[in-house]
Amino acid sequence: MSAGMSAGMSAAPDPVWRTALSGAQILFVAFGATVLVPLLTGLNPSLALLGAGVGTLIFQLVTKRQVPIYLGSSFAFIAPIIYSVQTWGMPATLGALASASFFYYVAAALVKWRGVGLIHHLLPPVVIGPVVMVIGLGLAQVAVSMASGKAGDQQVVPYETAIAVAALSLLATMLTAIRAKGLLKLVPILVGVAVGYAVSLMLGIVDFNKVINAPWIAAPSLGTPEFNVAAILFMIPVAIAPIVEHVGGVLAIGSVSGKDYTKDPGLHRTLLGDGLAVNIVGMFGGPPVTTYGEVTGAVMLTKNYNPVVMTWAAGFAILMAFVGKFGALLQTIPMPVMGGIMVLLFGSIAGIGLKTLMDARVNLSSARNLCIVSVTLVTGIGGLGVHIGSFSLQGISLCGVLAVALNLLLPAEPRPLSEG
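**Student:** Give me the lowdown on the packing of aromatic side chains, citing residues and values where you can.
**Tutor:** To describe a pair of aromatic rings, you give the distance between the ring centres and the angle between the ring planes. Throughout the structure, instances matching the rule amount to five aromatic pairs. Pairing Tyr-83 with Phe-234 gives two aromatic rings, centres 5.2 Å apart and planes at 35 degrees, and the pair type is tilted. Taken together, the residues span a long stretch of sequence, with Tyr-83 in helix α4 (residues 78–88) and Phe-234 in helix α13 (residues 229–235) at a distance of 151 residues. You can call Tyr-83 partly exposed: its relative accessible area is 27%. Seen from the ring of Trp-216, Lys-325 lies directly overhead, with NZ or CZ sitting 5.6 Å from the centre.

In structure tokens form, the structure reads like this:
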């Protein structure tokens, strides 16, 4: 029996067909979020599927296929990718995304050297909370523009039509997230996209020319990364948020399956696996990958803890990446549909940052904490930049560095403030 199979909770392994079916279900749960990131950022959806599959297999190789985790496109990078593409172009953005793995390697080395405690010391909630909020709110205007049917200064879809489509997409997503039950509750974004697409079809704003001209079977067109120092310095600090998300994901799946994966195979191995996946996927043009909470939810719902299920999910994702017409169909989704989803998505990311502060009971009556949060939010959302020659830090990257630096450098207060 393989190591992966022995990780299952049942005495006898499931038949292959049942494990494969469970893998297809995992892909379905993760599918909406995986392809949403490239659809919002201009990356290739087929490469996102290929990257998720390859990234998951790399992760399994490094962790000896012991952890039931599937890696999909990371939401934390949506706003930074959009900004980077507009500023430095797609090739430089791909190189920067591949370089974002640097922080994963540093984190893995630190955990191996000093244990998990050092990560929590460098990245406490007072640092992570506002940085995640900036990631969500930094490009809120982009979501509004897309929901309004605008690409730059050009009105691509009539305003009234665009707003109606975006509103219905947003409403369907919210109602599914609030009222749906079972497996459907795990895919509210997919439901929102489906409703928005159906309305767009009725309004005649879907263009099928790409689908008609696309072949059935086609290898995804790989990206060509270029390494621009400014783009890399901008992108690397963005990895702070998904690294914290990764730690949370590993702890969550451990609590679901009843195992401590931070000890075996070890958090340093899971971080290294995730970092290698981000590095390699970025090199061929896919979005950075990360652990998926919805997959953890599906594992908890199905009580199938066998890591081989994730191998099947990865295999199916890779196969779908080579269906040319499928990739072309994804690209026919109109801009207002994506805009409506982005309104909720960007706000939700900001909400996660706020929840981080609340769950940790960060005392904002403390002058020290208030200084860290305030400076991080204003410099990040305001897009402040520091330029010294060819060196440049701005927006999310600058606020991330500032948050870590302020937390390390600001002196501790002698006593808690008794009054706000």
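Next comes the rest of the description.
**Student:** For the pattern of salt bridges, give the residues involved together with the corresponding values.
**Tutor:** Working definition: two side chains of opposite charge can pair if their charged atoms are close together. Inspection of the entire model under this criterion finds one salt bridge. Notably, a salt bridge pairs Lys-355 with Asp-359, separated by 2.5 Å at the nearest N-O pair. Placement of the pair is Lys-355 and Asp-359 together in helix α19 (residues 335–359), with a separation of four residues, close to one helical turn. Residue Lys-355 is classed as partly exposed on the basis of its relative accessible area of 48%. On the basis of relative accessibility, which here comes to 53%, the residue Asp-359 falls in the exposed class.

**Student:** Lay out the environment of His-246 with the relevant residues and their values.
**Tutor:** Residue position: His-246 is located in helix α14 (residues 240–257). Look at His-246 and you get buried, because its relative accessible area is 0%. In sequence terms His-246 and Tyr-104 are 142 residues apart; their C-alpha atoms lie 9.8 Å from each other. In this view, His-246 contacts Phe-59, Leu-267, Thr-270, Leu-271, Asp-274 and Thr-291; residues no more than four positions away in its chain are not counted. A polar contact is formed between the side chain of His-246 and the side chain of Thr-270, at a distance of 2.8 Å.

Definitions and cut-offs
Residues numbered from 1 in each chain as written. Predicted model: local features only at pLDDT ≥ 70, side-chain atom pairs only at ≥ 80, totals over all residues. Heavy atoms only, no water. Phe/Tyr/Trp six-rings, centres within 6.5 Å; stacked < 30°, edge-to-face > 60°. Helix = DSSP H or I, 4+ residues; strand = E, 2+ residues; numbered from the N terminus. Buried < 20%, exposed > 50% of the residue type's maximum accessible area, 1.4 Å probe, protein only. Lys NZ or Arg CZ within 6 Å of the ring centre and 35° of its normal. Salt bridge = Lys/Arg side-chain N within 4 Å of Asp/Glu carboxyl O. Contact = heavy atoms within 4.5 Å. Polar contact = N/O pair within 3.5 Å; in protein donor to acceptor, adjacent residues only side chain to side chain.

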